[in-house]
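Coordinates in review
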Amino acid sequence: MTGITVKPAAGRIGAEIEGVDISRPLDAETISAIQAALDEWKVVFFRDQQLDHASQTAFGRQFGELTYGHPHHEPPAGAPEIYTIQHRRFEKQLGGDDTKKQRSYAYAGNNGWHSDLTPFINPPAGAILRAEVLPEYGGDTQYTNLVAAYEGLSDPFKEFVSTLRAEHRYGANWNGMPRPSVSGFSQRVEQNSLVAHHPVVRVHPKTGEKALFVNPVYTDHIVGVSPIESRLILDYLFDEISRPEYTVRFRWAPGSVIFWDNRATAHIPPRDIDHLDVARKLHRVTLVGEVPVGVDGRESELIEGPRLGSEPVFSTTFFRRTEPVS
Ligand SMILES: [Fe+2]
């Protein structure tokens, strides 16, 4: 008996886990119970936890090896596995006042749904995010179930998309809309290409479920079809993965922690606080993932870039230093 309770939060994805203090080392049974809830519900939510960088890292390590914080962002001092998400800091790094304009431009062609870091040959298996600073209102995070999105397709379409592969690229441009050029960051991305060809339908290594593994942030095009065919297929699939019936929306509170399976979900960061003068700061640890496998048993193909692992994959000289990350 682990004493934990799993309470589903929406019809097809998401469950709250109660009755566990995740800041302490967990016994094997509790770890399996959390893993089982994650396998079933794809994203799980914890409330009223007391984590710092060290205990969040220790919690994550019980579920697998952790990556270096992020390939393109500097981790806090002494916590190399932490990736701090703080939109005000990003704005400074990305060029201050122009950022809002650049963002709205970018968003015209990109609705923001993504699985993390899919341009790597081995995208993360999962991630754990905790909130430190939250706005009074706004800033929710939404998740979608990519297995449900696949299962919702008609049988002939399932068969068709299972034959396809897609190019994922850091800086993807699936619909031909011009992307904003953001000085330091764009240069860093351009100088460190990350490109992989993944199956459009990937078979989950643990559950065996099939997931629609494409997203408008990182998927650039379908391989081996014409540009217009690629755009029409992706347009359709991106609509499918973001259908409200496959999603759950999480309202953060102090002490909230989210743990998601990055192979079976996509998520969207908040788009409702950019115009508000509010702070929001969260910290993520990321689980090293495996190379995806398609329905035909074929693995993804590395086109450019290193594997994602516990060491920094690119230079640790970051593009522009602002205030120290904590
Ligand atoms: Fe993300």
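To keep things clear, this report deals only with the structure shown in the data block. Since the structure is predicted, the reported quantities are computational estimates derived from the model, not experimental observations.

Moving on, we come to the overall build of the protein. A count of helices and strands for the protein gives 8 helices and 16 strands. Across the 326 residues of the protein, 56% fall into the buried class.

Here helix α1 (residues 28-41) spans 20 Å end to end across 14 residues, near enough to the 20 Å set by a 1.5 Å rise per residue. Those residues of α1 not exposed but buried are Thr 30, Ile 31, Ile 34, Gln 35, Ala 37, Leu 38, Asp 39 and Trp 41. Buried residues along α1 sit against β1 (5-8), β2 (15-18), β3 (43-46), α2 (53-61) and β13 (257-261). Lys 42 lies just past α1 and shows a positive phi near 75°.

Below, the discussion takes up the coordination of the iron ion. In this structure, His 114 (NE2), Asp 116 (OD) and His 267 (NE2) serve as the protein donors to the iron ion, at separations of 2.1 to 2.2 Å. Site description for the iron ion: donor spacing in sequence, H-x1-D-x150-H. Here the residue Asp 116 occupies a position in the loop between α4 (99-107) and β5 (126-133), and His 267 occupies one in strand β14 (residues 265-268), the gap between them amounting to 151 residues. Of the two residues, Asp 116 and His 267, both sit in the buried class.

Right, let's get into the packing of aromatic side chains. Applying the stated criterion across every chain, the model contains 11 aromatic pairs. Centroid distance Phe 45 to Phe 250: 4.4 Å. Interplanar angle 15°. Geometry classified as stacked. Within this pair, whereas Phe 45 is found in strand β3, its partner Phe 250 is found in strand β12 (residues 247-250), the two being separated by 205 residues in sequence. Ring geometry for Phe 46 and Phe 59: centres 5.9 Å apart, planes at 85°, overall edge-to-face. Taken together, the residues span a long stretch of sequence, with Phe 46 in strand β3 and Phe 59 in helix α2 at a distance of 13 residues. Using a relative accessible area of 0% as the deciding quantity, one classes Phe 46 as buried. Members of the aromatic cluster, each reached through a chain of ring pairs, are Phe 46, Phe 59, Phe 63 and Phe 259. Seen from the ring of Tyr 150, Lys 158 lies directly overhead, with NZ or CZ sitting 5.6 Å from the centre. The residue whose ring lies beneath Arg 202 is Phe 213, and the NZ or CZ to ring-centre distance is 4.7 Å.

About the criteria used
- Residues numbered from 1 in each chain as written.
- Predicted model: local features only at pLDDT ≥ 70, side-chain atom pairs only at ≥ 80, totals over all residues.
- Heavy atoms only, no water.
- Helix = DSSP H or I, 4+ residues; strand = E, 2+ residues; numbered from the N terminus.
- Buried < 20%, exposed > 50% of the residue type's maximum accessible area, 1.4 Å probe, protein only.
- Expected span 1.5 Å × (residues − 1).
- Contact = heavy atoms within 4.5 Å.
- Donors = N, O, S within 2.8 Å, 3.2 Å for Na, K, Ca; no water.
- Phe/Tyr/Trp six-rings, centres within 6.5 Å; stacked < 30°, edge-to-face > 60°.
- Lys NZ or Arg CZ within 6 Å of the ring centre and 35° of its normal.

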